[in-house]
Amino acid sequence: MAVSAVPWGPDFGELARQDPELAGIITGELERVRGSLQLIAAENYTSRAVLAALASPLANKYAEGYPGARHHGGCELVDVAERVAQSRATALFGASHANVQPHSGSSAVLAAYAALLRPGDTVLAMALPHGGHLTHGSPANFSGRWFHFIGYGVDPATGLLDYDRLRELALAHRPKAIVCGSISYPRHLDYAAFRTIADEVGAYLVADAAHPIGLVAGKAAPNPVPYADVVCATTHKVLRGPRGGMLLCGAELAERVDRAVFPFTQGGAQMHTVAAKAVAFGEAATPAFATYARQVVANARTLADGLAAAGLTVATGGTDTHMITVDVSPLGLDGRAAKARCAAAGIILDTCALASATEPGGCVRGLRLGTAAVTTQGMEEGEMERIGALLTIALREDEEAPRTRGVRAEVRELAAAFPPYPP
Ligand SMILES: *Cc1c(COP(=O)(O)O)cnc(C)c1O
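Residues numbered from 1 in each chain as written. Predicted model: local features only at pLDDT ≥ 70, side-chain atom pairs only at ≥ 80, totals over all residues. Heavy atoms only, no water.

- Per an unreviewed UniProt entry, the protein chain carries the name Serine hydroxymethyltransferase and comes from Streptomyces himastatinicus ATCC 53653.
- As recorded by UniProt, the Subcellular location (unreviewed entry) comment attached to the protein chain reads in full: "Cytoplasm". (UniProt positions renumbered as here; feature names shortened; annotations may be inferred.)

Structure representation (structure tokens):
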């Protein structure tokens, strides 16, 4: 069946006629991203093919269970979709088993813990002020409530992960699991070192590769799969798929991991999202995606160099990935004020905690930037130099300053030259 137009009928015009309020919000959001720069390290723009799978009738299908073993009838075709997603994921990452059902990265981590741990177990993970995720032991999250987390971290002087201290903590606390992965660490992780330490204390190694998994797919970052017992990931960050999560593991843990997702922590799978994940895995296996992943890193390096040359304090001195963290305290700013200045100039980014620069009051002094989205838009090193220069001006000017208005206009012009979802 050759189809060019969407075969099931609905189009955006239909939404606009039926519900102009929501249609207006959606088109307004597209205008927003077309008129500003998204440097949020966790964001990206999916392909139109991924969006097409998301907006498909698979959204209607109930499919509790796994292919060939569903509670609901009529799953013949979605079973095939899920098997395709699984086999593309295992091939892409060299894993024996993939579970493509987690609704988000956090759901994947929850399931990994459910597969390996009992409530009250001790877990060693990156401390939150050093770049750990909420699911790595935050008291506001299930993880901090149900497990006993010990935090490891970076050397405050260098910003680099302190593997000696990590080993000491592992020997002292004998955790049931060690989690490696971070929301803001811009360097590659030494998965072999983590594995050695985990083996020394008989701990499981859980890699939360939510951020770098897209770089892994593009062969631009080391792969945790050969080292970790379970790898948790998102599919929507550098990987450029639909919003969702994924788990990878060896054959021996496959059943436990599957049961930890369904029925332990989730109900029916979102089959439109599973299909969209399959589409994204297919895209990520292409040479074009490897080129993209390399460009993401080259862009981040160029941007980091530009910021450092302009006198900003780039944590760890640079980056290996798509991510850059900057300490804004030498500018006399905290993260929140710095983020607001950037936003006034149309540069959208996040604050982050920096171990070397967190005030006792919990005031965050870091900014986190990423290049995944702007690279998808087609920007390269020249544009990164320009963004670095614009960002540096924006950080040094008041939100209302005339120079900020000038930067805002330049940002708009740059963004307009590389529109996401070009008309
Ligand atoms: C993004 C992220 C997650 C969570 O992903 P969600 O889809 O937002 O739940 C978990 N762990 C790490 C390290 C992340 O960066």
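After that view, the rundown keeps rolling.
Some remarks on the site of the ligand
Here's step 1: Close to the ligand lie Ser 104, Gly 105, Ser 106, His 133, Ser 182, Ile 183, Asp 208, Ala 210, His 211, Thr 234, His 236 and Lys 237, which account for all nearby residues.
Here's step 2: For the ligand, an oxygen atom lies 3.4 Å from a polar atom in the side chain of Ser 104.
Here's step 3: His 211 places a polar side-chain atom, nitrogen or oxygen, 3.4 Å from an oxygen atom of the ligand.
Here's step 4: Relative to its free-state accessible area of 380 Å², the ligand is covered by the protein chains to the extent of 85%.
Here's step 5: In terms of residue class, the shell around the ligand is made up of two nonpolar, eight polar and two charged. (Near = heavy atom within 4 Å. Polar contact = N/O pair within 3.5 Å; in protein donor to acceptor, adjacent residues only side chain to side chain. Areas by Shrake-Rupley, 256 points an atom, 1.4 Å probe, with all protein chains shown as cover. Nonpolar A, V, L, I, M, F, W, Y, C, P; charged D, E, K, R; others polar.)

So, the nonpolar core
Here's step 1: Counting residues in hydrophobic clusters, the biggest one holds 58 residues, and the most contacted among them are Phe 93, Ile 178 and Leu 248.
Here's step 2: Counting contributing residues, this core receives three or more from each of domain 1 (57–284) and domain 2 (287–417).
Here's step 3: What Phe 93 contacts, discounting residues up to four positions off in sequence, is Ile 213, Val 216, Ala 217, Asn 223, Val 225, Leu 239, Met 246 and Leu 248.
Here's step 4: Counting 32 residues, the second largest nonpolar core, distinct from the first, contains Val 328, Ala 345, Leu 395 and Phe 418. (Core = buried A, V, L, I, M, F, W, Y, C linked by side-chain atoms within 4.5 Å. Buried < 20%, exposed > 50% of the residue type's maximum accessible area, 1.4 Å probe, protein only. Domains from an automatic or database assignment. Contact = heavy atoms within 4.5 Å.)

Things to note about the domain arrangement of the protein chain
Here's step 1: Segmenting the protein chain into domains produces domain 1 (57–284) and domain 2 (287–417).
Here's step 2: Computed from C-alpha coordinates alone, the two centres of domain 1 and domain 2 are separated by 28 Å.
Here's step 3: Summed over both sides, the interface of domain 1 with domain 2 buries roughly 2100 Å², with 63% coming from carbon and sulfur.
Here's step 4: Among the residues domain 1 hides against domain 2, the three largest losses belong to Pro 186, Arg 187 and Arg 240. Together they make up 30% of the total.
Here's step 5: Seen at the junction of domain 1 and domain 2, the total is one salt bridge.
Here's step 6: There are ten residue pairs in polar contact (both at pLDDT 80 or more) connecting domain 1 and domain 2.
Here's step 7: Counting only elements with at least two residues in the side of domain 1 that touches domain 2, the list comes to helix H9 (213–217) and helix H11 (271–284).
Here's step 8: Looking at which element gives the most residues to the side of domain 1 that touches domain 2, the answer is H9, with three residues. (Buried area = accessible area lost by both parts, 1.4 Å probe. Salt bridge = Lys/Arg side-chain N within 4 Å of Asp/Glu carboxyl O. Helix = DSSP H or I, 4+ residues; strand = E, 2+ residues; numbered from the N terminus.)

Examining the sheet that holds strand S9 (residues 230–234)
Here's step 1: As summarised here, the arrangement of the seven strands in space is S4-S10-S9-S8-S7-S5-S6, forming an open sheet in which the pairing is mixed. The two strands at the open ends of the sheet, each matched to only one other strand, are strand S4 (97–99) and strand S6 (148–152). If you compare each strand with its neighbour and ignore which way they point, the axes differ by 20 degrees on average.
Here's step 2: Across five bridges, the pairing between strand S5 (residues 122–126) and S6 is parallel. By the bridge assignment for S6, Leu 124 is matched with Ile 150.
Here's step 3: On the sheet, helix H5 (residues 105–116) packs against S6, strand S7 (177–180), strand S8 (204–208), S9 and strand S10 (245–249) and is oriented at approximately 165 degrees with respect to S9. (Pairing = 2+ DSSP bridges. Axes fitted to C-alpha atoms, helices over the stretch in contact; angles between N-to-C directions.)

Brief notes about the UniProt feature "site: Plays an important role in substrate specificity" (unreviewed entry) in the protein chain
Here's step 1: Residues annotated by UniProt as "site: Plays an important role in substrate specificity" (unreviewed entry) correspond here to His 236.
Here's step 2: Tracing the sequence through the fold places His 236 in the loop between S9 and S10.
Here's step 3: The exposure class of His 236 is buried, given its relative accessible area of 11%.
Here's step 4: Beyond its immediate sequence surroundings of up to four residues, His 236 is in contact with Ala 42, Asn 44, Gly 241, Pro 242, Arg 243 and Gly 244.
Here's step 5: Within the local environment of His 236, its side chain forms a polar contact with the backbone nitrogen of Gly 244, the two atoms lying 3.0 Å apart.

With respect to the sheet that holds strand S11 (residues 313–314)
Here's step 1: The strand order across the open sheet built from four strands is S11-S12-S15-S14, with neighbouring strands paired in antiparallel fashion. One side of each edge strand has no neighbouring strand; the edge strands of this open sheet are S11 and strand S14 (350–352).
Here's step 2: When S14 meets strand S15 (residues 366–370), the two strands line up antiparallel, connected through three bridges. What sits directly across from Thr 351, in S15, is Leu 367.
Here's step 3: Running at roughly 15 degrees to strand S12 (residues 323–327), helix H12 (residues 287–309) makes contact with S11, S12 and S15 of the sheet.

Some points on the packing of aromatic side chains
For any pair of aromatic rings, the description consists of the separation of the ring centres together with the inter-plane angle of the planes.
Here's step 1: This structure, assessed with the given rule, holds eight aromatic pairs.
Here's step 2: Seen in terms of ring centroids, Tyr 113 and Phe 149 are 5.9 Å apart; in terms of plane orientation they differ by 55 degrees. Their pairing is tilted. Here Tyr 113, found in helix H5, pairs with Phe 149, found in strand S6; they are 36 residues apart in sequence, far enough to count as distant.
Here's step 3: On the numbers, 5.6 Å between centres and 75 degrees between planes, the contact of Tyr 163 with Phe 194 is edge-to-face. A residue pair is termed long-range when its members are at least 10 positions apart, and Tyr 163 in helix H7 (residues 163–173) and Phe 194 in helix H8 (residues 191–201) qualify at 31 residues.
Here's step 4: Look at Phe 194 and you get buried, because its relative accessible area is 0%.
Here's step 5: One aromatic cluster in this structure is built from Tyr 113, Phe 142, Trp 146, Phe 147 and Phe 149. (Phe/Tyr/Trp six-rings, centres within 6.5 Å; stacked < 30°, edge-to-face > 60°.)

As for the pairing of S9
Here's step 1: Of all five residues making up S9, five are buried, and the element is well covered by its neighbours.
Here's step 2: Sheet topology places S8 next to S9; three bridges connect them, and they run parallel. Among the inter-strand pairings, Val 206 is bridged to a residue of S9, identified as Val 230.
Here's step 3: Looking at chain direction, S9 and S10 are connected through five bridges and run antiparallel. The residue bridging Val 230 from the neighbouring strand is Cys 249, located in S10.

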